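# What the coordinates show
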Amino acid sequence: MNQTINVEQLNSALTSLRTLRSSVSHVFETLSNGLRADHGEDGKDKFLMELQELLNNVNINLRELDQTVNSLPIPTAPFNLGTTTYLSQETTQDRQALYTQLVNSYKWTDKIHEYSSFAHTLLSQNSLKRSYINSGSTKRRGKMQSNHNVAPVQVDNVINNIDRSYSDMKITISRPFASNAVVQINLSHVLKAVVAFKGLLMEWVMVKGYGETLDLWTESRHHVFRKVTENAHAAMLHFYSPTLPELAVRSFMTWLHSYVNLFSEHCKRCGCHLHHTSLLPPAWRDFRTLEPFHDECKQ
Amino acid sequence: MGVTVLQQYPVPENKTGTHVIELLTKRILALGATQQGQFLVDCESYLSHPQMGTTKTVHILHNSEQPASVFSILESGTKNIHVIADGLFDLLMMKLSHQYTSKKQTKIESKGPRFELGDFCVKLGSVTMNQNFKGILIEIEYRPCVMANAVWSLLREFLQGLLGPAVPVQPPQHLLSKMNEIYTPIDTIYQYLEHFSAYRKVTGMRNS
């Protein structure tokens, strides 16, 4: 009995999800079409009104979906096949195929259940949130929002301060894309890196060798710098903190600076320069101690 | 251009050069390297005519890694002067043949297979002078790094692993003075010249 109710609720939830999707796509469709002839003289205002209305629709649909989803019971265990197991004993020829289909879809839902529970635990543990959805009170939110949109002078100040604190790390700022800074870092004769900023938040890192030409997108031709780029992305996410963006940038730069001995320091765990399978020097630096490790040795 | 080390590899008395090269090839392929063609470094030396005052030697070297360049090194007592020019320099030397005479019998070259292994480039060269086999030179380049003192112990670890504990690995004489400078192709050429001069001095095979 309980299961029939479940199905109905599920059905209505799916329907509201579909309406939400179609209303969202309607918004984008209208947006991409832009002003039309039937908007007339003061087309801009009318267009905005129309958009407002569509967005309101989206809001309403979203709320509906929220409500229906909230009323859904959370499945605690994998679904029980119930009486459907008797399908296997079906004798009619044209219905025998149903059982395999049933088993397949059972497997499928079982997998979804498993994956979603994994995803749920991972997402709830992980602090790598790049959005402000769950980040506390509205007062703080207002303050944090501004870190995406900091005055260029302030960004320059922060970066120049970091530049001054290292004698062997040269940092130059350029602004090829409007107001957002793209920072080039020359670390001694070891490596070059380019970091794209959005306000005071780091968005992208690319690390290359000393003799290579630097740009944002092409990877280094050396394995070791590709590995370092990979690790720099991990570090960028690790140090990410929307509330204290300056600290994040400074910590990242300190971490990057520890690569000054990329080739000369051996791994703290195995004591070798080169790892025996990858033939790479220790391209990982611990986030706190800044000690060098091979990727394979860091655990 | 990364830091390069040139290492002489001893050939045991009862073995042939090709045998040793085959052995090393097997070893490096087992490490996971891929062969990327062949390489050749050659050196020809010219003596200035006695009428021009003290006799000076000019070495002309070519390296297949820099195919468009001709490297020339002028020995003048204590200091060596090098010039890196493009291919036409060879023709210029021919024009100068009555000032500088070529010592044809000392034309020496190192050639063999070239391997890539991760960020390393390894070349196994058999050295021949006038078609006579003289020994084996192994060139190891670590391409991501340009400073010799930063990368030397890493290179030694790699060399020791490749050549075995029997071969002593020391930084090349030329590199010692350049440990804190940016490595350039001419530094490789100097290392080749150092070894080629040593090969010319000994008759038969060189084993030290």
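Before going into details, it helps to say that this report is about the structure given with it. As the structure is a prediction and not an experimental result, all values here were calculated from the model. (Residues numbered from 1 in each chain as written. Chains lettered and ligands numbered in written order. Predicted model: local features only at pLDDT ≥ 70, side-chain atom pairs only at ≥ 80, totals over all residues. Heavy atoms only, no water.)

### Comments concerning the state of the cysteines
Here the structure, examined in full by the defined rule, presents zero disulfides over all chains. In this structure A:Cys270 is a free cysteine whose sulfur lies 3.8 Å from that of A:Cys267, the closest cysteine sulfur available. (Disulfide = S-S within 2.5 Å.)

### Let's talk about the sheet that holds strand β3 (residues 191-198) of chain A
Residues and elements named next belong to chain A. Here we have four strands laid out as an open sheet, ordered β1-β2-β3-β4, and antiparallel in their pairing. In the strand order of this sheet, the two ends are held by β1 (169-177) and β4 (201-209), each with one partner. For this sheet, the mean inter-axis angle between neighbouring strands, taken without regard to orientation, is 20 degrees. Bridge count for strand β2 (residues 180-187) against β3 is six bridges, and the pairing is antiparallel. Of the residues in β3, the one forming a bridge with Asn-186 is Lys-192. Strands in contact with helix α6 (residues 223-239) are β3 and β4; relative to β4, the strand with the most contacts, it is inclined by about 165 degrees. (Pairing = 2+ DSSP bridges. Helix = DSSP H or I, 4+ residues; strand = E, 2+ residues; numbered from the N terminus. Axes fitted to C-alpha atoms, helices over the stretch in contact; angles between N-to-C directions. Contact = heavy atoms within 4.5 Å.)

### Considering the packing of aromatic side chains
Summed over all chains, the structure comprises eleven aromatic pairs over all chains. With centroids separated by 5.2 Å and ring planes inclined at 80 degrees, the aromatic side chains of A:Trp255 and A:Tyr259 adopt a geometry described as edge-to-face. Of the two residues, A:Trp255 and A:Tyr259, neither departs from the other in class, the shared state being buried. With a centroid separation of 4.7 Å and 45 degrees between ring planes, the pair formed by B:Phe120 and B:Tyr142 is classed as tilted. Note that B:Phe120 is positioned in strand β8 (residues 120-129) and B:Tyr142 in strand β9 (residues 132-142), a separation of 22 residues in sequence. For the pair shown, B:Phe120 and B:Tyr142 are each scored as buried. (Phe/Tyr/Trp six-rings, centres within 6.5 Å; stacked < 30°, edge-to-face > 60°. Buried < 20%, exposed > 50% of the residue type's maximum accessible area, 1.4 Å probe, protein only.)

### Overview of the interface of chain A and chain B
Contact residues are listed per partner, giving 14 residues for chain A and 17 residues for chain B. Carbon and sulfur atoms make up 67% of the surface buried where chain A meets chain B, a total of about 1,500 Å² over both sides. Its largest share of buried area at the contact with chain B, chain A owes to A:Phe263, A:Leu274 and A:Leu279, together 39% of the area lost on that side. At the boundary of chain A and chain B, one finds zero salt bridges. (Buried area = accessible area lost by both parts, 1.4 Å probe. Salt bridge = Lys/Arg side-chain N within 4 Å of Asp/Glu carboxyl O.)

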